[in-house]
Amino acid sequence: MPCGQSERGGGAAPGRYVVGVDVGSTVVKCHVYDRAAAVRGSSCRKVESLYPRPGWVELDPEVLWSQFVGVIKEAVQAAGLHMRQIAGLGISTQRATFITWHKRTGKPFHNFISWQDLRSAELVNSWNKSLLLKVIHVIFTVLHFLTGNDRYLAPSFLTFSTQQTSMKLSWVFKNIHEAEEAARKNNCCFGTVDTWLLYRLTKGSVYATDYSNASATGVFEPFTKCWNPTLCNLLSIPMSVYPPVKDTSFNFGSADSEIFGVPIPIMAVVADQQSAMFGECCFHPGDVKLTMGTGGFWNVNTGEHLFASRRGLYPLIGWKIGEELVYLTEGCMSDFGTAIRWAQDINLFTNVDETEKMARSIVDSQGVCFVPGFQISVNDPYLCASFMGLKPSTTRNHLVRAILESVAFRNKQLYDIIVKTVRLPLQTIRADGGVSNNSFVMQMTSDLINKKIEKPANADMSSLGAAFLAGLASGFWTDKEQLKKLRQIEAIFEPQKDSEEYKPAMDIWLQAMKRSLHW
């Protein structure tokens, strides 16, 4: 059922609207936008994750496909429009969630394996401790020292994580015989969510991904802009399984007319964080985007320069539009939205809007600390979620405040790493995602990092970014300067407290973090 709908249009000429769909980890959302980037119709459906074994997280591809088609139809209907009035479709998707299928039959070998999935944890641990990886580190450290080329820096401290596609894909070929056999015969297709949706929308005629999604798999080399043959050889993954990589804002063809009644042009596919970055109009080097949704993501536009770091940041391709290719540096944290949703599920509060008031109703958390770790940590897949410092006097308000404080503390941690690592003056910080609607978290983050943070009027930046990219490719909008004029800011959070006031609480929280590692 639609989550919401807005102002009805109608009677407009063909091609007067663009559609942005965001296939996220918790919901599939669709918005229909007019030329002023105002939302004319919306729909969303909850993503139902499957948990077949402890640590495994999957999505049913047929259910996801049905939800994707459903929200587009519902949003267009909610806007009072006809499908022929849509100038283009932009698709933003969760990253690194993937599926493999048979090239001839189109039949999947397994469900989507989510980016949150932990089935490769033992494989990751084994590789990270291996002698071979140590040898690789030494070789590339020497090459970086001799050449000074940053291309050799990232491999010099390469570590695998459960978040990356590479290890889970290796697991698939080790454990699913049909996929391994098809790959040997060049009959296996690999695809992230965007690739699968393109394949289904065009009834198998388009098999492709874009640079933003490819770079987020951990298998695509952002320096050479190619799938990484060395890594694939190491992990025994055939290069033949990967799709061609296209521009982000690009005419991918049209959805088959049987699906929506008319052929709708597919004008952009983009990874969700890069899409949110584009939706926030972070077009210039030094622009910063903070997304607080299911997970937390800090992205910095680094322009033409690719920064590799030993500090938990990693380089990505933001988008490619014609000759323009923009790089980002990203740091991520798990469990922002997940932790808040869990707290709601166990009745710590009824409505998420209550949490800000609950947190402000007390002076502090009374020494209670919350460590988020339900899903994964890039640095430690065995990090456990925990409450520490509980007392007989602890109330629900203290628990809720501790959860919200943990979000702000994690933001502070990652911001400090970015400042030390990225050799660019940081410009505007723009926040989006569901948690950005919580002014307690936003204000505390602003205090901790001592920077102004802008919050847009529309928090669904991934949908808007996909629509912007589709609109540029279809000529619906002319250029990025026009897009910047369409931005609407709802609130600006400026520092109100000295960050030192939070130091005692953050020091205790850091202790709690250390005790939750390697569980």
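Computed from a predicted structure; not experimentally measured. (Residues numbered from 1 in each chain as written. Predicted model: local features only at pLDDT ≥ 70, side-chain atom pairs only at ≥ 80, totals over all residues. Heavy atoms only, no water.)

Draft legend 1. Inspection of the sheet that holds strand β17 (residues 324–333) at higher detail. Spatially, 7 strands are ordered β16-β17-β15-β14-β20-β21-β22 in an open sheet, and the strand pairing comes out mixed. In the strand order of this sheet, the two ends are held by β16 (314–321) and β22 (489–493), each with one partner. Neighbour-to-neighbour, the strand axes of this sheet turn through a mean angle of 30°, independent of strand direction. As paired strands, β16 and β17 are joined by 7 bridges and run antiparallel to one another. Of the residues in β17, the one forming a bridge with I317 is Y327. (Pairing = 2+ DSSP bridges. Helix = DSSP H or I, 4+ residues; strand = E, 2+ residues; numbered from the N terminus. Axes fitted to C-alpha atoms, helices over the stretch in contact; angles between N-to-C directions.)

Draft legend 2. Main features of the environment of V219. Here V219 lies in the loop between α8 (211–215) and β10 (220–221). With 154 residues separating them in the primary sequence, V219 and G373 have C-alpha atoms 25 Å apart. With sequence-adjacent residues up to four places away left out, V219 is seen in contact with S166, C226, W227, N228, L231, C232 and Y242. (Contact = heavy atoms within 4.5 Å.)

Draft legend 3. Structural detail: the packing of helix α11 (residues 272–279) against helix α16 (residues 461–474). In contact at an axis separation of 7 Å, α11 and α16 are set at 75° when each is read in the N-to-C sense. It follows that α11 is roughly perpendicular to α16 by the angle criterion. Two secondary-structure elements touch here, α11 through D272, S275, A276, F278 and G279 and α16 through M461, S462, L464, G465, A466, F468, L469 and L472. (Parallel < 35°, antiparallel > 145°, perpendicular 65-115°, else oblique.)

Draft legend 4. Looking closely at the packing of helix α1 (residues 61–78) against helix α7 (residues 193–201). Contact geometry of α1 with α7 gives a least axis separation of 11 Å together with a crossing angle of 70°. The pairing of α1 with α7 is recorded here as roughly perpendicular in orientation. α7 is crossed by α1, and the crossing has right-handed handedness. Judged by residue contacts, P61, E62, L64, W65 and F68 of α1 engage V193, W196, L197, R200 and L201 from α7. Class assignment of the residues belonging to the contact of α1 with α7 gives a composition of 8 nonpolar, no polar and 2 charged. (Left-handed = near helix turned anticlockwise from the far one by under 90°. Nonpolar A, V, L, I, M, F, W, Y, C, P; charged D, E, K, R; others polar.)

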